[in-house]
Amino acid sequence: MTSNLLRVGILGVGRMGADHAERVATRINGARLVAVSDPATERARELAASFDGVRAVDDGLALVTDDEVEAVVVASPGFAHEEQVIACLEAGKPVLCEKPLTMDSASSLRLVEMEAKGGRPLVQVGFMRRFDPEYAELKRLLDSGSLGRTLMVHNTHRNKDTLPGFVSEMIVRDSLVHEVDVTRWLFGEEITQIHVLAPTPTSVADEGVLDPQIAILTMAGGGIATNEVFVNTGIGYEVRCEAVAEHGNATIGLGVGPLVRQVNRAGTHIPEDFRERFATAYDLEVQAWVDATRRGEVVGPTTWDGYAAAVVCTAGVESLTTGRPVTVELAPRPTFAV
Ligand code: ISE
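Since the structure is predicted, the reported quantities are computational estimates derived from the model, not experimental observations. (Residues numbered from 1 in each chain as written. Predicted model: local features only at pLDDT ≥ 70, side-chain atom pairs only at ≥ 80, totals over all residues. Heavy atoms only, no water.)

## Topic: the overall build of the protein
When you go through the protein residue by residue, the secondary structure sums to 10 helices and 15 strands. For 338 residues, the compact-globule estimate of 2.2 N^0.38 gives 20 Å, and the protein sits close to it at 20 Å. When each of the 338 residues of the protein is scored for burial, the buried share is 52%. Contacts in the protein between residues at least 24 apart in sequence constitute 72% of all its contacts with a sequence separation of at least 6. Summing over all exposed atoms, the protein offers an accessible surface of approximately 15,400 Å²; the carbon and sulfur share of this is 53%. Here the protein holds 31 positive side-chain charges and 47 negative ones, and the gap between their average locations is 3 Å. (Helix = DSSP H or I, 4+ residues; strand = E, 2+ residues; numbered from the N terminus. Rg over C-alpha atoms; globule rule 2.2 N^0.38 Å. Buried < 20%, exposed > 50% of the residue type's maximum accessible area, 1.4 Å probe, protein only. Contact = heavy atoms within 4.5 Å. Areas by Shrake-Rupley, 256 points an atom, 1.4 Å probe, with all protein chains shown as cover. Lys, Arg positive; Asp, Glu negative; His and termini not counted. Charge placed at Lys NZ, Arg CZ, Asp CG, Glu CD.)

Structure representation (structure tokens):
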């Protein structure tokens, strides 16, 4: 009965990994969660024990080569991604790797090249916003041409708070990276320049953390995207995107659900964090990964998308440090060996 199900192992069971474990174990069709691993071995054991037939494997690289595991979700912190994705490529196992692909351009390019040498795509990068129904609708609208050429995109990305140690650079590499990906995707073009500015920080952020930040992205075709990233608002999770085209504009992320009116006030629920706001996107992303993997294909954001985002964010960190705009240059795109 379950023999045709894709047998999935998950590396990293922190906030996102635990969320994906629950998703694969309970909601995704065609897949079965078989193993989890985390350097916090006790945590992995506890999580495994909460599902039927799921093992905890202490060594993450052993999970990748485990015969029972056919495909891997990498949900560990970004600094661990390179080694773990390499292990998946070496084992020839399809992988859904959470964003960012890696923490810098050079290591992301190594993954793009290694995957291309292997002759077939194996990696989907977890830029889940592309699977969010509202973002997907905005993309269809812009691609339809009914609003004319896209001139500008304005992104707002706010978090209620952050985990300890979330330094200024993480706001670029871990948070802004989402806007970098959706902007490339919505315009269908590469980014050629990034300029990151930081106003006087909120007193709520830890000492020395430049929060909020404003990043200005210039597109290859001359369009511009403005991006506010503010990760310690104390309010909730807010992600909005407005695309401005020649003959119209469209905004997404204004909040779904009931607008409650009380005396002189109107209000709606603000999600706690990304797991709540993008729950449907994560479900659709993982379902698309499972379906494509079972067909022997890869869909969604590629290692090239992960690499392009890493190059922009690396330039973004340089811009944040120097205060100057930084030109973005991509390596030639390798083709898959035949
Ligand atoms: C986190 O890793 C995410 O991916 C969230 O979507 C983002 O809002 C947050 O800033 C990141 O730290």
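Let's pick the thread back up.
## Topic: unusual backbone geometry
Across residues other than glycine, the phi torsion is negative in most instances, and most of the peptide bonds are trans. The step from Lys99 to Pro100 runs through a cis peptide bond, and the omega angle for that step is -15 degrees. Structurally, Pro100 is set in the loop between β5 (95–98) and α5 (105–117). Residue Pro212 is reached from Asp211 by a cis peptide bond, and omega for that bond is 5 degrees.

## Focus: the domain arrangement of the protein
Taken domain by domain, the protein comprises domain 1 (6–128 + 280–301) and domain 2 (130–275 + 311–327). With centres defined by C-alpha atoms, the gap from domain 1 to domain 2 works out at 26 Å. Each side of the interface is counted separately: domain 1 has 19 residues, and domain 2 has 16 residues. Taken together, both faces of the contact between domain 1 and domain 2 bury some 1,700 Å²; the carbon and sulfur share is 65%. Among the residues domain 1 hides against domain 2, the three largest losses belong to Arg15, Met103 and Phe127. Together they make up 36% of the total. (Domains from an automatic or database assignment. Buried area = accessible area lost by both parts, 1.4 Å probe.)

## Some remarks on the site of the ligand
In the vicinity of the ligand, the contacting residues are Lys99, His157, Asn159, Phe166, Asp174, Ser175, His178, Tyr237 and Phe274. Separating an oxygen atom of the ligand from a side-chain N or O atom of Tyr237 is a distance of 2.9 Å. Look at the ligand: alone it shows 300 Å² of surface, and the protein chains cover 90% of it. Under a 2 Å grid-point criterion requiring more than half of the atoms, the pocket assigned to the ligand is the largest pocket. Top element by residues in the shell around the ligand is helix α7 (residues 168–187). It accounts for 3 residues. Looking at the shell around the ligand residue by residue, the class counts come to 3 nonpolar, 4 polar and 2 charged. (Near = heavy atom within 4 Å. Polar contact = N/O pair within 3.5 Å; in protein donor to acceptor, adjacent residues only side chain to side chain. 1 Å grid on protein atoms, 1.4 Å probe; cavity = no way out; pocket = protein on both sides within 12 Å on 5 of 7 lines; lining within 4 Å. Sits in = over half its atoms within 2 Å of the grid points. Nonpolar A, V, L, I, M, F, W, Y, C, P; charged D, E, K, R; others polar.)

## A word on the nonpolar core
Ranked by internal contacts, the top residues of the largest apolar core, which has 75 residues, are Val85, Val123, Tyr135, Leu138, Ile194 and Phe278. Composition of this core by domain shows at least three residues from each of domain 1 (6–128 + 280–301) and domain 2 (130–275 + 311–327). Judged by nonpolar contacts, the second largest core, of 22 residues, contains Ala48, Phe51, Val54 and Trp289. (Core = buried A, V, L, I, M, F, W, Y, C linked by side-chain atoms within 4.5 Å.)

## What about the state of the cysteines?
According to the stated counting rule, one finds 0 disulfides in the structure shown. Not engaged in a disulfide, the cysteine Cys241 finds its nearest cysteine sulfur in Cys313; these two sulfurs lie 16 Å apart. We classify Cys241 as buried; its relative accessible area is 1%. (Disulfide = S-S within 2.5 Å.)

## A look at empty space enclosed by the protein
Taking a probe equal in size to a water molecule and rolling it over the atoms shows the remaining empty space. Evaluated as defined, the whole model comprises 1 cavity of 30 Å³ or more. In this structure, the largest cavity occupies an estimated 30 Å³ of space. For the largest cavity, the full set of lining residues is Pro100, Thr102, Met103, Asp104, Arg173, Val177, Ala310 and Cys313. Secondary-structure elements contributing two or more residues to the lining of the largest cavity are α7 and α10 (303–322). Looking at the lining of the largest cavity residue by residue, the class counts come to 5 nonpolar, 1 polar and 2 charged. (Points joined across faces, edges and corners; volume = space filled by probe spheres on them.)

## Brief notes about the sheet that holds strand β8 (residues 191–197)
One open sheet holds the 7 strands; their spatial order is β12-β11-β7-β10-β9-β8-β15, and the pairing between them is mixed. Lying at the two open borders of the sheet, with one neighbouring strand each, are β12 (248–252) and β15 (326–327). Direction of pairing for strand β7 (residues 150–158) relative to strand β10 (residues 224–230): parallel, over a ladder of 7 bridges. By the bridge assignment for β10, Arg158 is matched with Phe230. Docked against the sheet, α7 engages β7, β8, β9 (213–219), β10 and β11 (238–245), running at close to 145 degrees with respect to β7. (Pairing = 2+ DSSP bridges. Axes fitted to C-alpha atoms, helices over the stretch in contact; angles between N-to-C directions.)

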